Amino acid sequence: KKFRKQMIMLGLLTSIAATSWVSGLSLVGPSVLGFLVRFITVFTIIFAVVFLKEKFNKYEAFSIAIIVAGAFVISYTGGELAIGAIFALVSSLAFAYTQLKIKIYVKKIDPITLAALRMLFTVPFLFSYSAISGAIMPISLDNMLLIIAGALLISVVGFVLLFKAYETADLSKVAAIGAAEPLI
């Protein structure tokens, strides 16, 4: 009850990030979207410097400039920015802001509890969006068990490790290391 408003906000932010990511995926495809969501790193570093007063060096600034330039080169089509690129940027911004809030909350809330509550408060928003858009589809019991097992493994273990990193390191450093995800 103590952190209900914060968890509702995290659920809403995660839902915005997820739905805009899926919308961007359908418009620009996985390779372009994969590059454009690297803006999460750019936005996270900017948030860390502005809100958490973390240090920022010229090499990080140069890296951000390369990411920004590359994004515009990839998404510039016939004089207009592709709508899919906008969805990717909205997703990146929402996820980066979510990371900022998690970095702040993880000092007060146990990481496992934070990860679980974040997902719990995301479900109503995503379910509502799915119901409104007509995207709810029946799935078999076998597939449901696989989805649940995968979600638990990825969400819980992955987010717990990520939240532990937030707890012990600068947000900008965690974001920079996370940017290596496509390479790995």
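Heads up: these notes are all about the structure in this document.

Rules behind the numbers
Residues numbered from 1 in each chain as written. Predicted model: local features only at pLDDT ≥ 70, side-chain atom pairs only at ≥ 80, totals over all residues. Heavy atoms only, no water. Patch = residues over 30% accessible without salt bridge, like charges linked within 9 Å, V, L, I, M, F, W, Y side chains within 5 Å. Areas by Shrake-Rupley, 256 points an atom, 1.4 Å probe, with all protein chains shown as cover. Salt bridge = Lys/Arg side-chain N within 4 Å of Asp/Glu carboxyl O. Helix = DSSP H or I, 4+ residues; strand = E, 2+ residues; numbered from the N terminus. Buried < 20%, exposed > 50% of the residue type's maximum accessible area, 1.4 Å probe, protein only. Axes fitted to C-alpha atoms, helices over the stretch in contact; angles between N-to-C directions. Parallel < 35°, antiparallel > 145°, perpendicular 65-115°, else oblique. Left-handed = near helix turned anticlockwise from the far one by under 90°. Contact = heavy atoms within 4.5 Å. Nonpolar A, V, L, I, M, F, W, Y, C, P; charged D, E, K, R; others polar.

## With respect to a nonpolar patch on the surface
- Among the surface-exposed residues, Ile-139, Leu-141, Met-144, Leu-145, Ile-147, Ile-148, Leu-152, Leu-153, Ile-154, Val-156, Val-157 and Leu-161 lie close enough to one another that they form a single nonpolar patch of about 1,200 Å² accessible area.
- Following the sequence through the fold, Met-144 ends up in helix α6 (residues 141-168).

## A word on the pattern of salt bridges
- Scanning the entire structure with this criterion turns up one salt bridge.
- The residue Glu-167 makes a salt bridge to Lys-164 at a minimum N-O spacing of 3.3 Å. Taken together, the residues span about one helical turn, with Glu-167 and Lys-164 both in helix α6 at a distance of three residues.
- By relative accessible area, which is 34% here, Glu-167 ends up partly exposed.

## Points about the packing of helix α2 (residues 39-51) against helix α4 (residues 83-105)
- Contact pair α2 / α4: the axes reach a minimum separation of 8 Å and the direction vectors enclose 40°. When the axis of α2 is compared with that of α4, the two are oblique. The handedness of the crossing between α2 and α4 is right-handed. Together, Phe-39, Ile-40, Phe-43, Thr-44, Phe-47 and Phe-51 of α2 and Leu-89, Ser-92, Leu-93, Phe-95, Ala-96, Tyr-97, Gln-99 and Leu-100 of α4 make up the contact between the two elements.
- Within the contact of α2 with α4, the residues separate by chemical class into 11 nonpolar, three polar and no charged.

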